[in-house]
Amino acid sequence: MIREYAIVGGGIGGCSIAALLNAQGHDVILIEKEPSLGGCASTFTHNTRRYNTGATTISGYHEGGIVRRVFDTVGTAPQLISTDPAITIIQGDKTCIRYRELEHFITEIEAFYPHSKHREFWTLVHSIGVAFYYMEGHYYSNASTLSKIRSLTSLFPMIRKFWRYLFGNAHDFIARFYGTVTPQYLDFLDAQIMIVAQATSKDVNFFTAALSLGYTFNETHYPVGGMGAACVSLTSKIPDIRTRCTVISISNEMGIYTLLTSQGTIKCKNLIMGTSHYESSQWFSDSAIKKYYQKYEKINNHQSAFILYMTIKSDTLYSHHYQLIAEQILPYTISKSVFVSFSDPADTLIAPAGEYRITASIHTDTRYWIGVEPILYKHHKTQLQNLLQQWICDKLTLSDDQIVESFAATPKTFGHYINRTQLGGNALTLSNFLPRLPANDTPIKGLYQVGDTSYAAQGWPGVMMGALNCMRMIHGKY
Ligand SMILES: Cc1cc2nc3c(=O)[nH]c(=O)nc-3n(C[C@H](O)[C@H](O)[C@H](O)COP(=O)(O)OP(=O)(O)OC[C@H]3O[C@@H](n4cnc5c(N)ncnc54)[C@H](O)[C@@H]3O)c2cc1C
């Protein structure tokens, strides 16, 4: 039997495109190497305890948001808890809460770092986000030079609207805007920009920085039962999902793709890769396809994550998310900040009453971990794990005897489980601007791509925007 669509990889991208195609009545098979779906947005079991692998927040599920649109189209709804505030930021001995409501947040930031320009600045950040999310009609294609040029013209309305924020870096824009800013306030902004843009204000324009700083003004959500449960909900209507099924190699003859997998051979007319661009060339024998993927390996920024997982016992009511900001970059990382997510105390699917599961992540570089002597690797891992654990305990007033278990993952761990070491996808930086980045179609007939290393980058909203763009490339609609 020749399948109409085979989708390799059950991350957010693979799950979204498979669910969207299935909803339109197409024949799809979704193939995932791991026992459960989600990839970076999965939930796993360790010593009988459930943890979110990486992603912990869903943004874009508000009324009219892109994530809501995909779930609605598919006809499923994840079980979510609305989170407000989105983040509690602790820098030195100060705490700043990112309230959703603009006025509430302006009062907070004025007390946190007094400055007369805050109202103007944060109102601008807010308004850029509102205007962007109402813009429709833009898309991005990479199938041919002509289709790429044509698709770039669809961005003209956006360029016309936001041109004054597109040129030059956000750091200079912010410095000009405020007149005077302290290095601590710039660190505060950079730590938040990094969460979404995967780059700091020196590497992105103010438009990207504003969208990153403003995401907390939209509704954000906590997924009940873990992030993996949202992926299960998204794909719940797909009849053919193969988990524990690893794609070993892919050949392409006479327009038919043949996938050799750990569960046998699968043939399909259309192949959608939900794996990272930087790893995909290894599975193809066709030299044109190999070359296509290898072309993009040079934009691999080697950015990744180091993650600390903890179970703690506590009766304290913790917020869902904290960001701790230090004065210096932490060893074996590229960041001064750690993002700490707590399970919801009422979410007994994840943890029993009185226990929290914590996923705490910090940006690192794959080259600190890959190809390093095993003894050194282990030493660095333990050192960073202890350091993060101590920092989190100090700032969130936890004691060692409240920690039930603690363990860590490095880019190498991600390579082992989900076949990728670079995490966070393509950063939309000033040097990595759109025409240089891959899209969801390719010049190869029947080959498509989703996920955070293709348009429109990372996270639930970015990856789902890519899945919708992929649908448009396939059918010319959406
Ligand atoms: C630490 C961290 C925290 C994050 N926090 C958030 C957050 O709070 N909110 C948010 O929206 N985003 C967050 N993100 C980003 C978000 O998780 C990712 O952008 C997104 O999950 C990537 O989805 P993807 O479709 O690219 O697939 P991936 O997650 O890369 O999944 C790819 C899948 O392909 C499978 N696969 C690989 N090779 C094969 C093979 N040969 N055969 C079969 N299957 C294969 C893998 O097992 C995997 O499941 C975070 C990311 C990280 C790393």
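The residue count restarts for each chain, going from 1 along the sequence in the order it is written. Local features in a predicted model are, by the rule used here, given only for residues with pLDDT of at least 70; side-chain atom pairs are given and counted only at 80 or more, and totals for whole chains, interfaces and linings are based on all residues. To obtain the side-chain values, all non-hydrogen atoms of the structure were used and water was disregarded.

**Focus on the overall build of the chain**
Stage number 1. To qualify as a helix, a DSSP run of H or I must reach at least 4 residues; to qualify as a strand, a run of E must reach at least 2; elements of each kind are numbered from the N terminus. If you tally the helices and strands in the chain, you get 15 helices and 19 strands.
Stage number 2. Its C-alpha atoms give the chain a radius of gyration of 22 Å, near enough to 23 Å, the size a compact globule of 478 residues would have.
Stage number 3. Projected onto its principal axes, the C-alpha coordinates of the chain cover approximately 65 × 55 × 45 Å.
Stage number 4. Throughout, a contact is declared for two residues whenever any of their heavy atoms are within 4.5 Å. Restricting to contacts in the chain with at least 6 residues of sequence separation, those with at least 24 account for 69%.
Stage number 5. Roughly 19600 Å² of accessible area belongs to the chain as shown, and the carbon and sulfur atoms make up 55% of that amount.
Stage number 6. Charge-centre separation for the chain: the mean point of 40 positive side chains lies 9 Å from the mean point of 37 negative side chains. Put simply, the radius of gyration uses C-alpha atoms, and a globule should come to 2.2 Å times the residue count raised to 0.38. Every accessible area reported is derived by Shrake-Rupley at a probe size of 1.4 Å, with residue values counting cover from the shown protein chains alone. Neither His nor the chain ends contribute to the count of charged residues, in which Lys and Arg are positive and Asp and Glu negative. Charge positions are represented by NZ for Lys, CZ for Arg, CG for Asp and CD for Glu.

**Re the environment of isoleucine 174**
Stage number 1. Examined against the element boundaries, isoleucine 174 turns out to sit in helix α7 (residues 170–178).
Stage number 2. Between the C-alpha atoms of isoleucine 174 and leucine 423, which are 249 residues apart in sequence, the distance is 28 Å.
Stage number 3. Those residues in contact with isoleucine 174, other than ones at most four positions away along the chain, are Phe121, Leu186, Leu189, Ser201 and Phe206.

**What about the packing of aromatic side chains?**
Stage number 1. A pair of aromatic rings is counted whenever rings of Phe, Tyr or Trp (Trp by its six-membered ring) have centres within 6.5 Å, and the orientation is called stacked for planes under 30 degrees apart, edge-to-face for over 60 and tilted otherwise. According to the stated counting rule, one finds 41 aromatic pairs in the structure shown.
Stage number 2. Their ring planes at 75° and their centres at 5.3 Å tell us that tyrosine 178 and tyrosine 185 sit as a pair that is edge-to-face.
Stage number 3. Three exposure classes are used, based on accessible area relative to the maximum for each residue type with a 1.4 Å probe and protein chains only: buried under 20%, partly exposed in between, and exposed over 50%. Classification of tyrosine 178 as buried rests on a relative accessible area of 4%.
Stage number 4. The ring centre of phenylalanine 105 lies 4.3 Å from the NZ or CZ of arginine 98, which sits over that ring. Definition used: whenever NZ (Lys) or CZ (Arg) falls within 6 Å of the ring centre and also within 35 degrees of the ring normal, the charge is taken to sit over that ring.

**A closer look at the domain arrangement of the chain**
Stage number 1. In terms of domain boundaries, the chain breaks down into domain 1 (2–81 + 222–299 + 428–475), domain 2 (85–218) and domain 3 (303–418).
Stage number 2. How far each domain reaches was decided by an automatic or database domain assignment. Each of domain 1 and domain 2 has a C-alpha centre, and the two are 27 Å apart.
Stage number 3. Taken together, the contact between domain 1 and domain 2 spans 23 residues of the former and 27 residues of the latter.
Stage number 4. The term buried area means the drop in 1.4 Å probe accessible area that two parts suffer when joined, counted for both and summed. Where domain 1 abuts domain 2, roughly 1800 Å² becomes buried across the two surfaces, and 56% of that area is made up of carbon and sulfur atoms.
Stage number 5. Whenever Lys or Arg places a side-chain nitrogen within 4 Å of a carboxyl oxygen from Asp or Glu, that contact is recorded as a salt bridge. For the pair domain 1 and domain 2, the interface holds 0 salt bridges.
Stage number 6. Here a polar contact is taken to be a pair of N or O atoms separated by no more than 3.5 Å, where protein atoms must pair a possible hydrogen donor with a possible acceptor and residues adjacent in sequence count only if both atoms sit in side chains. Viewed at the interface, domain 2 and domain 1 are joined by 11 residue pairs in polar contact (both at pLDDT 80 or more).
Stage number 7. Secondary structure elements with two or more residues in the side of domain 1 that touches domain 2: α12 (287–297) and α15 (459–475).
Stage number 8. Sorting elements by how many residues they give to the side of domain 1 that touches domain 2 places α15 first, with 4 residues.
Stage number 9. The residue classification treats Ala, Val, Leu, Ile, Met, Phe, Trp, Tyr, Cys and Pro as nonpolar and Asp, Glu, Lys and Arg as charged. All others, Gly included, are polar. Partitioning the side of domain 1 that touches domain 2 into residue classes produces 13 nonpolar, 6 polar and 4 charged.

**Focus: the sheet that holds strand β5 (residues 58–59)**
Strand-to-strand pairing in sheets goes through backbone hydrogen bonds, with the strands running parallel or antiparallel.
Stage number 1. Any two strands between which DSSP finds at least two bridges are classified as paired. Spatially, 3 strands are ordered β5-β9-β6 in an open sheet, and the strand pairing comes out antiparallel. A strand with exactly one partner marks an edge of an open sheet, and here the two such strands are β5 and β6 (80–83).

**Structural notes on helix α3 (residues 102–112)**
Stage number 1. Of all the residues in α3, the buried ones are Leu102, Phe105, Ile106, Glu108, Ile109 and Phe112. Viewed end-on, α3 has its buried residues packed into an arc of 165°, placing them on one side of the element. Facing away from the buried side of α3 by over 90 degrees, the exposed positions are Thr107 and Ala111. The arc in question is traced by the directions running from the helix axis to the C-beta atoms.

**Brief notes about the sheet that holds strand β7 (residues 87–91)**
Stage number 1. The mixed open sheet is built from 7 strands, whose spatial order is β8-β7-β15-β16-β17-β14-β18. With one partner strand each, in any of the chains shown, β8 (94–98) and β18 (403–409) form the two edges of the open sheet. Within the sheet, the average angular offset between the axes of one strand and its neighbour, ignoring direction, is 20°.
Stage number 2. Looking at chain direction, strand β15 (residues 321–325) and strand β16 (residues 337–342) are connected through 5 bridges and run antiparallel. The partner of leucine 324 across the bridge, within β16, is valine 338. Simply put, an axis is a line fit to the C-alpha atoms, just over the touching stretch for a helix, and the angle between two N-to-C directions goes from 0 to 180 degrees.

**Let's talk about the site of the ligand**
Stage number 1. One heavy atom within 4 Å of a molecule or strand is enough for the residue carrying it to be called near that molecule or strand. The full set close to the ligand counts 36 residues, and Gly13, Glu32, Thr57, Arg420 and Asp452 are the nearest of them.
Stage number 2. Taking glycine 13, its main chain carries an N or O atom lying 2.7 Å from an oxygen atom of the ligand.
Stage number 3. Contacts to the ligand include lysine 33, whose backbone N or O atom sits 3.1 Å from a nitrogen atom.
Stage number 4. At the level of secondary structure, the elements contributing two or more residues to the shell around the ligand comprise α1 (12–23), β14 (303–313) and α15.

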